[in-house]
Amino acid sequence: MKMTEDSAVFRKVADYLLRAAAPKYRTSPVTADTEIYYDLRLYGDDLFELIRWINQEFGFVLELNVAAHAPTEHPFPWLADAFSTMVGRRHKHRYKSLKVRDVVAAIETRRWPVVTGGRD
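Residues numbered from 1 in each chain as written. Predicted model: local features only at pLDDT ≥ 70, side-chain atom pairs only at ≥ 80, totals over all residues. Heavy atoms only, no water.

## What about the overall build of the protein?
Each helix and strand counted, the protein has five helices and zero strands in total. When its helices and strands are written in sequence order, the protein yields α-α-α-α-α. Counting every position in the protein, which comprises 120 residues, the buried fraction comes to 41%. Partitioning the intrachain contacts of the protein with sequence separation of at least 6 by distance along the chain shows that 64% fall at a separation of at least 24. When the accessible area of the protein is evaluated, it comes to approximately 7,200 Å², of which 53% is carbon and sulfur surface. (Helix = DSSP H or I, 4+ residues; strand = E, 2+ residues; numbered from the N terminus. Buried < 20%, exposed > 50% of the residue type's maximum accessible area, 1.4 Å probe, protein only. Contact = heavy atoms within 4.5 Å. Areas by Shrake-Rupley, 256 points an atom, 1.4 Å probe, with all protein chains shown as cover.)

Here's what the structure looks like:
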């Protein structure tokens, strides 16, 4: 099934993500290729809330390893990542890609697709 940005599921997910994102990350429209962590900066409890919302809204339990896709809940994760990158400890984009299209596809097919690789 091909996901379109005109689908009702996509619109619901995009609306939810825009409400969940901090105001400074709401400047661009949410597209299928929007990265949930890298573009919207949703991580930790915000991702758990997304999973809970998907369960309530669509009756589907999204089994997502949150820590593989974004930092856990701690203050200023971008600062820790920037410092680690400066001292050469880890690659700047160490989390697996999680795009809106991945979440929408999981809801529409009722199964979690395999998300491969990180973001370069």
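More follows now that the structure is in view.
## A word on the packing of aromatic side chains
Scanning the model with the defined rule gives five aromatic pairs in all. Measuring from centroid to centroid gives 5.5 Å for tyrosine 37 and tyrosine 95, while their planes differ by 75 degrees, and the two rings are edge-to-face. One end of the pair, tyrosine 37, is in the loop between α1 (8-20) and α2 (45-58); the other, tyrosine 95, is in the loop between α4 (77-86) and α5 (100-109), and 58 residues separate them in sequence. In this pair, the class of tyrosine 37 matches that of tyrosine 95, namely buried. Positioned above the aromatic ring of tyrosine 37, the side-chain terminus of arginine 41 is 4.8 Å from the ring centre. (Phe/Tyr/Trp six-rings, centres within 6.5 Å; stacked < 30°, edge-to-face > 60°. Lys NZ or Arg CZ within 6 Å of the ring centre and 35° of its normal.)

## Details of the packing of α1 against α2
Direction vectors running N to C along α1 and α2 enclose 145 degrees, while the axes themselves pass 12 Å from each other. As α1 runs across α2, the sense of the crossing is right-handed. On α2, the residues that touch Val9, Lys12, Val13, Tyr16 and Leu17 of α1 are Glu49, Leu50, Trp53, Glu57 and Phe58. For the contact of α1 with α2, the class distribution of residues is seven nonpolar, no polar and three charged. (Axes fitted to C-alpha atoms, helices over the stretch in contact; angles between N-to-C directions. Left-handed = near helix turned anticlockwise from the far one by under 90°. Nonpolar A, V, L, I, M, F, W, Y, C, P; charged D, E, K, R; others polar.)

## Details of the nonpolar core
Val13, Leu17, Ile36, Leu50, Ile54, Val100 and Ile107 are the most contacted members of the largest nonpolar core, which totals 32 residues. Elements represented by at least two residues in this core include exactly α1, α2 and α5. Those residues in contact with isoleucine 107, other than ones at most four positions away along the chain, are Val9, Val13, Ile54, Phe58 and Phe60. (Core = buried A, V, L, I, M, F, W, Y, C linked by side-chain atoms within 4.5 Å.)

## Examining the confidence of the model for the protein
For the protein, the average pLDDT comes to 83, and 74% of its residues sit at 70 or higher. Per-element mean pLDDT across the protein ranges from 64 in α4 up to 96 in α1. Residue range residues 116-120 is modelled with pLDDT below 50. Its contacts to residues more than four positions away, or to other chains, number 13 contacts. (pLDDT = per-residue confidence, 0-100.)

## Concerning unusual backbone geometry
Excluding glycine, residues mostly carry a negative phi; peptide bonds, for their part, are mostly trans. For arginine 41, which is not glycine, the phi dihedral falls at a positive 60 degrees. With respect to the helices, strands and loops of the structure, arginine 41 is situated in the loop between α1 and α2. On the accessibility criterion, arginine 41 (27% relative accessible area) is partly exposed. Even without being glycine, arginine 110 reaches a positive phi, approximately 65 degrees. Take arginine 110: it is sitting in the segment after α5.

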